[in-house]
Amino acid sequence: MGRRRPGTPTLEEVAAHARVGRGTVSRVINNAAGVKDSTRRAVQQAIEELGYVPNLAARSLAGRRADAVALVMTEPDWRQFAEPFFSEIVSSLGNALTDTGMQLLLTLVRSDTERQRFLEYARGGRVDGVLLMSVHAGDPLPDMLADARLPTVLLGRRSGEEYVSYVDADNIGGARSAVSHLAQRGRRVIATITGPLDLYAAQCRLRGYEEALKLAGLKGEPTLVAESDFTTDSGRRAMAELLERHPDIDGVLAASDTTAAGALEALRAAGRRVPEDVAVIGFDDFPLAQQTEPRLTTVRQPIEEIGRAMIRLLLEEMEEGAVAWRHVILRTELVVRDST
């Protein structure tokens, strides 16, 4: 090891010394995944030689670091917390934080009073950063946190004009690939069961559905669209409504695997065979998709990757300061099974 330099070296100096980007230095400091061993050693050597003390460590030594990240749920419907998506996301975020020494604190914020209370809580230094999920259109909480300069990352977006840092899946592309698959299998009357349409993810999946119908030369009608709330019960009801409107339906894209499971129940009750009479596709690729009868064709969301990306962006904001918003959209993948 070389002799330590005097003064207070910066993150940029460590990056230049190790010949890597400042983001890589930040990931090494925070023990984040995705860094080659050789690169990690080079950064650690540069830190040692320059005598660099990371900002987070300095804050901790000064007693101003909470070593905690808040995961804020803004979903007003308690039933949503029983859905697999929430447990899978919480698990992926917890896994991504494992090596950082930070705690994940879960909190519910569903009213103006609760928003203001949480803002004051976060401003008081009780958490180092905020993760937001299930944020509906018009929710002011991301703006409030941004104005307070609190490191914040959203799961998904409120709209196409979202500016706060976020990680999202390619919902348009995922839905488009699913409906294209149905059309290629010869399905001609294709319906969709959406999620709540005040969620941008649900709007994007509907848009992907409509785009794919147009590309396939198929007619789209408003009566082929039914809204759900991502639950099994709502999927069952929506499928029954669609069959009543269009008895000739031969393909369905559901907003989630749980919604698709409800659709399968409704089709079975109506005497329709899957996939012989009606092909069904879900969205998520949770374990449930392999437990339905028949096993569910679905659009895979990269949940573990989403969790890692959210934590990576948050740690970079905590370390470097919010000099720029970061927007990450991860690819989805169609997983073909027995329901199509």
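Residues numbered from 1 in each chain as written. Predicted model: local features only at pLDDT ≥ 70, side-chain atom pairs only at ≥ 80, totals over all residues. Heavy atoms only, no water.

- Per an unreviewed UniProt entry, the protein chain goes by the name DNA-binding LacI/PurR family transcriptional regulator and belongs to Streptomyces pseudovenezuelae.

## Observations regarding the overall build of the protein chain
Link 1 in the chain: Along the backbone of the protein chain there are 12 helices and 12 strands.
Link 2 in the chain: The buried share of the protein chain, reckoned over its 340 residues, is 53%.
Link 3 in the chain: Within the protein chain, counting contacts between residues at least 6 apart in sequence, those at least 24 apart form 72% of the total.
Link 4 in the chain: Carbon together with sulfur atoms contributes 48% to the accessible area of the protein chain, which is approximately 15400 Å² in total. (Helix = DSSP H or I, 4+ residues; strand = E, 2+ residues; numbered from the N terminus. Buried < 20%, exposed > 50% of the residue type's maximum accessible area, 1.4 Å probe, protein only. Contact = heavy atoms within 4.5 Å. Areas by Shrake-Rupley, 256 points an atom, 1.4 Å probe, with all protein chains shown as cover.)

## Brief notes about unusual backbone geometry
Link 1 in the chain: The amide bond that connects Val-274 to the next residue, Pro-275, takes the cis arrangement and shows omega of 10°.
Link 2 in the chain: Structurally, Pro-275 is set in the loop between helix H11 (257–269) and strand E9 (279–284).
Link 3 in the chain: Although it is not a glycine, Asp-284 sits at a positive phi angle of roughly 140°.
Link 4 in the chain: Along the chain, Asp-284 falls in strand E9.

## Side note on the sheet that holds strand E2 (residues 103–108)
Link 1 in the chain: What the six strands build is an open sheet, ordered E2-E1-E3-E4-E5-E11; its pairing is parallel. Bordering the open sheet on either side are E2 and strand E11 (327–330), each of which pairs with just one other strand. In this sheet, adjacent strand axes meet at a mean angle of 20° when their direction is disregarded.
Link 2 in the chain: Of the strand pairs in this sheet, strand E4 (residues 152–155) and strand E5 (residues 166–169) are connected by two bridges, and their pairing is parallel. What sits directly across from Leu-154, in E5, is Tyr-166. (Pairing = 2+ DSSP bridges. Axes fitted to C-alpha atoms, helices over the stretch in contact; angles between N-to-C directions.)

## Some remarks on the pairing of strand E6 (residues 190–194)
Link 1 in the chain: Most of E6 is tucked away, with five of its five residues classed as buried.
Link 2 in the chain: By the alternation rule, side chains of E6 split into Ile-190, Thr-192 and Thr-194 and Ala-191 and Ile-193, which are all buried.
Link 3 in the chain: Alignment of E6 against strand E8 (residues 251–254), held across four bridges, turns out to be parallel. What sits directly across from Ala-191, in E8, is Val-252.
Link 4 in the chain: Where E6 and strand E7 (residues 225–227) come together, three bridges link them in parallel fashion. Considered in E7, the bridge of Thr-194 is made with Glu-227.
Link 5 in the chain: In this view, the connection linking E6 to its parallel neighbour E7 by way of helix H9 (residues 200–215) has right-handed handedness. (Right-handed = clockwise from strand over helix to strand, strands pointing away.)

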